Amino acid sequence: MKGTNMWGDKISFKKKLVLSFFLFYMLPLILVVSVGFGFATGVLKEQGAEYYRKIFSTTVDRLDSIFSSMQEFNITMQKRSWVTSMIYMESLEKSRFDRVDFTNFAEELRGFSCQDAAIDHIFYYFMVSDQFISTTDRGIVDYQWFTDMSFKNTLMQNNDYRNTAGDLKKPAYFCLTVDNYGRESDGILCCFPVKEMRGKSICNLYFFIQLKELERVLDLAMPEESNWFYVEYEGEILLNRTPFTKEELLSSDVGKLQKQKTKMTSFIQESEKTGFHYYTLISEDSVYARAKSMQVILLILAG
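Note that the coordinates shown come from a computational prediction; the quantities given were computed from them, not determined experimentally. (Residues numbered from 1 in each chain as written. Predicted model: local features only at pLDDT ≥ 70, side-chain atom pairs only at ≥ 80, totals over all residues. Heavy atoms only, no water.)

(A) Structural context of the overall build of the protein chain. Secondary structure summary: the protein chain contains ten helices and ten strands in total. For the protein chain, the proportion of its 303 residues judged to be buried stands at 42%. Long-range pairs, those at least 24 residues apart, make up 59% of the contacts in the protein chain with a sequence separation of at least 6. (Helix = DSSP H or I, 4+ residues; strand = E, 2+ residues; numbered from the N terminus. Buried < 20%, exposed > 50% of the residue type's maximum accessible area, 1.4 Å probe, protein only. Contact = heavy atoms within 4.5 Å.)

(B) Summary view of the nonpolar core. Ranked by size, the top nonpolar core spans 51 residues in total, and within it Phe 67, Tyr 124, Ile 133 and Phe 207 carry the most contacts. Per-element tally for this core: the top contributor is helix α1 (residues 2-77), with ten residues. Judged by nonpolar contacts, the second largest core, of 20 residues, contains Met 127, Ala 172, Leu 176 and Cys 191. (Core = buried A, V, L, I, M, F, W, Y, C linked by side-chain atoms within 4.5 Å.)

(C) Layout of the side chain of Ser 95. Tracing the backbone through its elements, the reader meets Ser 95 in the loop between α2 (81-87) and α3 (99-113). Among residues more than four places away in sequence, those in contact with Ser 95 are Met 89 and Phe 102.

(D) Region of interest: the packing of aromatic side chains. Taken as a whole, this structure holds 32 aromatic pairs when the rule is applied. Ring centres 5.4 Å apart and planes at 85° place the aromatic pair Trp 228 and Phe 244 in the edge-to-face group. Linking Trp 228 in strand β7 (residues 228-233) with Phe 244 in the loop between β8 (236-241) and α7 (246-250), this pair joins segments that are 16 residues apart in sequence. Comparing Trp 228 with Phe 244, the two get one shared label, buried. Ring-pair connections join several aromatic residues into one group, and the members of that group are Phe 56, Phe 67, Phe 73, Phe 112, Tyr 173, Phe 192, Phe 207, Phe 229, Tyr 233, Phe 267, Phe 276 and Tyr 278. The positively charged end of Arg 162 is found above the aromatic ring belonging to Tyr 143, 3.8 Å away from the centroid. (Phe/Tyr/Trp six-rings, centres within 6.5 Å; stacked < 30°, edge-to-face > 60°. Lys NZ or Arg CZ within 6 Å of the ring centre and 35° of its normal.)

(E) Spotlight on the pattern of salt bridges. Using the criterion set out here, one finds 14 salt bridges in the structure. Of the charged contacts in the structure, one is a salt bridge between Asp 116 and Arg 62, with a shortest N-O distance of 3.3 Å. Of this pair, Asp 116 sits in the loop between α3 and β1 (119-126) while Arg 62 sits in helix α1, and the two are 54 residues apart along the sequence. One salt-bridge network, held together by shared partners, links Glu 107, Arg 110 and Arg 138. (Salt bridge = Lys/Arg side-chain N within 4 Å of Asp/Glu carboxyl O.)

(F) View of the sheet that holds strand β3 (residues 139-142). The strand order across the open sheet built from six strands is β3-β2-β1-β6-β5-β4, with neighbouring strands paired in antiparallel fashion. The strands lining the two open edges of the sheet, one partner per strand, are β3 and β4 (172-180). Shown here is a sheet whose adjacent strand axes are inclined to one another by a mean of 30°, direction ignored. Summarising the sheet, strand β5 (residues 183-197) and strand β6 (residues 200-210) pair through ten bridges and their orientation is antiparallel. Paired with Met 197 across the bridge in β6 is Lys 200. Along the sheet face, α3 touches β1, β2 (131-134), β3 and β6 and points at about 135° away from the line of β1. Contacting β5 and β6, helix α6 (residues 211-221) crosses the sheet at an angle of about 55° to β6. (Pairing = 2+ DSSP bridges. Axes fitted to C-alpha atoms, helices over the stretch in contact; angles between N-to-C directions.)

(G) Quick peek at helix α4 (residues 143-150). When we look at burial in α4, the residues that qualify are Tyr 143, Phe 146, Thr 147 and Ser 150. Taken down its axis, α4 places every buried residue within 125° of arc, on the same side. Contacts made by the buried residues of α4 are with β1, β2, β3, α5 (161-166) and β4. (Arc of directions from axis to C-beta.)

(H) Seen up close, the pairing of β4. Bridge count for β4 against β5 is nine bridges, and the pairing is antiparallel. Its bridge partner lying in β5, Asp 179 is registered against Glu 184.

(I) Quick look at the environment of Ser 150. Summarising the element assignment, Ser 150 is placed in helix α4. Using a relative accessible area of 0% as the deciding quantity, one classes Ser 150 as buried. For the pair formed by Ser 150 and Asp 179, sequence separation is 29 residues and the distance between their alpha carbons is 7.2 Å. Only 3.0 Å separates the side chain of Ser 150 from the side chain of Asp 137, close enough to count as a polar contact. (Polar contact = N/O pair within 3.5 Å; in protein donor to acceptor, adjacent residues only side chain to side chain.)

(J) Representation of the environment of Asp 64. By the secondary structure assignment, Asp 64 is in helix α1. What Asp 64 contacts, discounting residues up to four positions off in sequence, is Ser 271, Lys 273, Thr 274, Phe 276 and Tyr 278. Within the local environment of Asp 64, its side chain forms a polar contact with the side chain of Ser 271, the two groups lying 2.5 Å apart.

(K) Main features of unusual backbone geometry. One non-glycine residue, Tyr 181, lies in positive phi territory at about 50°. Mapped onto the fold, Tyr 181 is located in the loop between β4 and β5.

(L) Geometry of the state of the cysteines. For the coordinates displayed, the defined rule picks out zero disulfides. Cys 190 forms no disulfide, and the closest cysteine sulfur to it belongs to Cys 191, at a distance of 7.2 Å. (Disulfide = S-S within 2.5 Å.)

In structure tokens form, the structure reads like this:
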């Protein structure tokens, strides 16, 4: 009986030792690791989201600076005396300027376009004389030559475009394919009214932005193919890096788009300068990549 009691005492002691080990060492350790794991993961998720939020904001600032600089240039150029004179010029024969002057005017426009690789063409359309001063032609050309040869596009080749140009009251943007003496390029035509007379615009300033240059901005800032980005302005999708068409983007909202792909994080920003709406949807894999890496490390340490 004493032997049995002795072994029973030993077993009881071992059980108490094991129980004490779990209660006073393992359980606190598990709790600490679990809490630490959850806290670290949450912090890393926030950091991942903040990282992409900053990238998005920087990208928006860069794109917006391109378009807002054109607005500022338009205001600055309205003070130039030659622009005012050209607005009311009835014909080349009655102009006080010669071909050298027209070339110099075009070079002044070209000086601004050289400041940003995204700006491919700049031109004035003077409706009284039906003439263009353009960086493309380094001088002055008439409407037919400009729209058939140097800046061929479906918008301006429309017979009614002269009336459309006269109705311009505020900045307008069109996605176009332009044929410049046989060289085609896709881009955004940015139209700004300069002078109005009797309720009609008689002079507009235009900029053509190359789409490939805007894409390069996105390639540098958001290289992951799983991340989406688009720009909207008054019902027009100006830049679209999503798997959706213009109609699908305009007829939906960000919440619905998020459901098209599992676990997306969205950021939206409206520009006070241009009125553009910028949208991006980032895949959770991108946002939480750092958190997932940390999760693996914590699991290894806990194991």
